[in-house]
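This is what each chain is made of:
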Amino acid sequence: MEPGAWRNRTTVTEFILLGLTENIRLQPILFVIFLFAYVITVGGNLSILAAIFVEPKLHTPMYYFLGNLSLLDIGCITVTVPPMLACLLDHQCRVPYAACISQLFFFHLLAGVDCHLLTAMAYDRYLAICQPLTYSTRMSREVQGALVGICSTISFINALTHTVAISVLDFCGPNVVNHFYCDLPPLFQLSCSSTHVNGQLLFVGATFMGVFPMILISVSYAHVTAAVLRIRSVEGRKKAFSTCGSHLTVVCIFYGTGFFSYMRLGSVSASDKDKGIGILNTILSPMLNPVIYSLRNPDVQGALKRVLTGKRPPE
């Protein structure tokens with residue numbers, strides 16, 4: 001290859017995102033809806049963080065992980081929604097090549113940590129219910145920090161691999177992305193070069209970031225269910241299951257939308273269905289998490305009331 005060829009590999013300097021709709025009349029309505037969703041999501045997750053910070057009862061491993069999950073949810077929705085809102089205001093969405101690749105990297109980084117953090121939370125519930133006598137030593141602060149560090153490292157490697165792999169592809173023709181943010185499958189469709197390796201990497205990444213964590217979560221909850229069923233008192237069973245119900249609901253929403261988005265590698269053309277799944281994955285899931293975790297949790301509800309009213313927690 002000639003020395004100057006590398007500079008000319010990617011002739012596309014920007015991508016045009018079609019967004020959720022090309023109907024100009026609908027765009028102001030969508031702007032208000034998604035601005036409201038963004039404010040609610042960020043506010044809800046910041047409230048969860050504040051509640052965990054001010055309430056001594058919530059200074060436990062489960063809420064340490066929940067606090068990290070709230071930070072990730074704020075990050076995930078911030079990577080995708082504000083740029084989309086700007087596009088809705090401008091009635092067009094031109095994204096520079098570098099900005100598109102950066103958005104892809106950070107989205108996969110944050111979503112990947114989310115995947116593995118949910119696995120760490122399942123492991124925490126397993127230790128708390130199945131190994132209560134050794135729980136405090138097995139889930140010490142050092143272990144909590146190490147688990148978050150491992151989750152972040154795995155996700156960073158996965159996101160960087162996909163980013164590097166797509167950055168070496170040729171984009172020399174169409175530059176219109178049928179989506180509201182930059183993601184791997186829509187960009188694959190625009191490449192002039194073969195995306196076979198990228199598709200294989202996406203499959204392997206989905207396995208490590210989705211299938212393996214889901215197996216670990218299932219095994220953890222199989223042990224938890226068996227342990228809870230051995231509890232004789234009905235109240236004891238309810239209390240044990242109540243600590244797991246919120247987490248299982250979040251897992252089902254997060255992994256359900258994620259698998260539907262990234263495991264359908266045989267689907268070639270992007271569609272409005274993919275945009276709908278994208279909304280569920282990037283907006284609805286982070287918005288619902290604070291509601292799910294506080295709905296049936298009196299400790300979180302009490303802490304949130306104290307945060308909102310400015311009262312100090314009881315000594």
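Rules and cut-offs
- Residues numbered from 1 in each chain as written.
- Predicted model: local features only at pLDDT ≥ 70, side-chain atom pairs only at ≥ 80, totals over all residues.
- Heavy atoms only, no water.
- UniProt positions renumbered as here; feature names shortened; annotations may be inferred.
- Helix = DSSP H or I, 4+ residues; strand = E, 2+ residues; numbered from the N terminus.
- Buried < 20%, exposed > 50% of the residue type's maximum accessible area, 1.4 Å probe, protein only.
- Contact = heavy atoms within 4.5 Å.
- Areas by Shrake-Rupley, 256 points an atom, 1.4 Å probe, with all protein chains shown as cover.
- Core = buried A, V, L, I, M, F, W, Y, C linked by side-chain atoms within 4.5 Å.
- Pairing = 2+ DSSP bridges.
- Salt bridge = Lys/Arg side-chain N within 4 Å of Asp/Glu carboxyl O.
- 1 Å grid on protein atoms, 1.4 Å probe; cavity = no way out; pocket = protein on both sides within 12 Å on 5 of 7 lines; lining within 4 Å.
- Points joined across faces, edges and corners; volume = space filled by probe spheres on them.
- Nonpolar A, V, L, I, M, F, W, Y, C, P; charged D, E, K, R; others polar.
- Disulfide = S-S within 2.5 Å.

As annotated in an unreviewed UniProt entry, the chain carries the name Olfactory receptor and is attributed to Mustela putorius furo. What UniProt states about the chain under its Sequence similarities (unreviewed entry) heading is, verbatim, "Belongs to the G-protein coupled receptor 1 family." The annotation that UniProt attaches to the chain under Subcellular location (unreviewed entry) is "Cell membrane".

Report on the overall build of the chain, specifying residues and quantitative values.
For the chain, the helix and strand inventory stands at ten helices and three strands. Along its sequence from the N terminus, the chain presents helices and strands in the succession β-α-α-β-α-α-α-β-α-α-α-α-α. For the chain, buried positions account for 46% of its 315 residues. Sequence separation of 24 or more characterises 79% of the internal contacts of the chain that already satisfy a separation of 6 or more. For the chain, the exposed surface amounts to about 16300 Å²; the carbon and sulfur share of it is 67%.

Can you break down the UniProt feature "transmembrane region" (unreviewed entry) in the chain residue by residue, with the values?
Those residues carrying the UniProt feature "transmembrane region" (unreviewed entry) are residues 29-53, 65-85, 105-124, 145-169, 201-229 and 241-263 in this numbering. With 100% helix and 0% strand, residues 65-85 has end C-alpha atoms that lie 30 Å from one another.

Give me the nonpolar core: which residues, what numbers.
General note: in soluble globular proteins, nonpolar side chains tend to be found buried as a group. Membership of the largest hydrophobic core comes to 61 residues, with the highest contact counts inside it found for F65, L66, M84 and L118. Counting only elements with at least two residues in this core, the list comes to α1 (26-54), α2 (61-90), α3 (97-130), α5 (141-167), α7 (196-229), α8 (234-262), α9 (272-295) and α10 (298-309). Other than its neighbours up to four places away in sequence, F65 contacts L117, A120, M121, D124, M139, Q144, L147 and V148. Ranked by size, the runner-up nonpolar core spans 20 residues in total, among them L17, C100, V177 and L187.

Give me the sheet that holds strand β3 (residues 176-177): which residues, what numbers.
Overall, mixed pairing links the three strands, which are arranged β2-β1-β3 in an open sheet. Whereas interior strands pair on both sides, the edge strands pair on one side only; in this sheet they are β2 (94-96) and β3. In this structure, strand β1 (residues 14-17) lies alongside β2, joined through three bridges in antiparallel fashion. Within β2, the residue paired with I16 across the bridge is R94.

Break down the pattern of salt bridges for me, citing the residues and quoting the values.
The final tally for this structure, using the stated rule, is two salt bridges. Of the charged contacts in the structure, one is a salt bridge between D124 and R125, with a shortest N-O distance of 2.9 Å. There is no split in this pair, since D124 and R125 are both buried.

Tell me about the layout of surface pockets, residues and numbers included.
Approximately 540 Å³ is the volume found for the largest pocket. Taken together, 22 residues make up the lining of the largest pocket; nearest its centre are M62, Y63, R125, S242 and T243. Listing elements by their share of the lining of the largest pocket, those giving two or more residues are α2, α3, α8 and α10. Broken down by element, the lining of the largest pocket gets its largest block of residues, six residues, from α8. Classifying every residue of the lining of the largest pocket gives eleven nonpolar, six polar and five charged.

Residue-level account of the state of the cysteines, with values.
One pass over the full model with this rule turns up three disulfides. Ordering the disulfide-forming cysteines of the chain by sequence position, one finds them joined as 1-2, 3-5, 4-6. Among the cysteines around C115, which has no disulfide bond, C76 carries the closest sulfur, lying 9.2 Å off. For C130, which is in no disulfide, the shortest distance to another cysteine sulfur is to C244 and amounts to 8.8 Å. With a relative accessible area of 22%, C130 lands in the partly exposed category.

Just give me the short version of empty space enclosed by the protein, but keep the residues and values in it.
Picture a little ball the size of a water molecule; that probe, rolled over the atoms, points out where space is still empty. For the structure shown, the criterion picks out two cavities of 30 Å³ or more. There is about 30 Å³ of room inside the second largest cavity. Every residue along the wall of the second largest cavity is listed here: N45, I48, L66, S70, D73, N289, P290 and Y293. Secondary-structure elements contributing two or more residues to the lining of the second largest cavity are α1, α2 and α9. Broken down by class, the residue content of the lining of the second largest cavity amounts to four nonpolar, three polar and one charged.

Now, about the side chain of S191: what can you tell me, with residues and values included?
Its location among the elements puts S191 in the loop between α6 (184-188) and α7. Those residues within four positions of S191 in sequence are excluded, and the remaining contacts are L169, D170 and F171.

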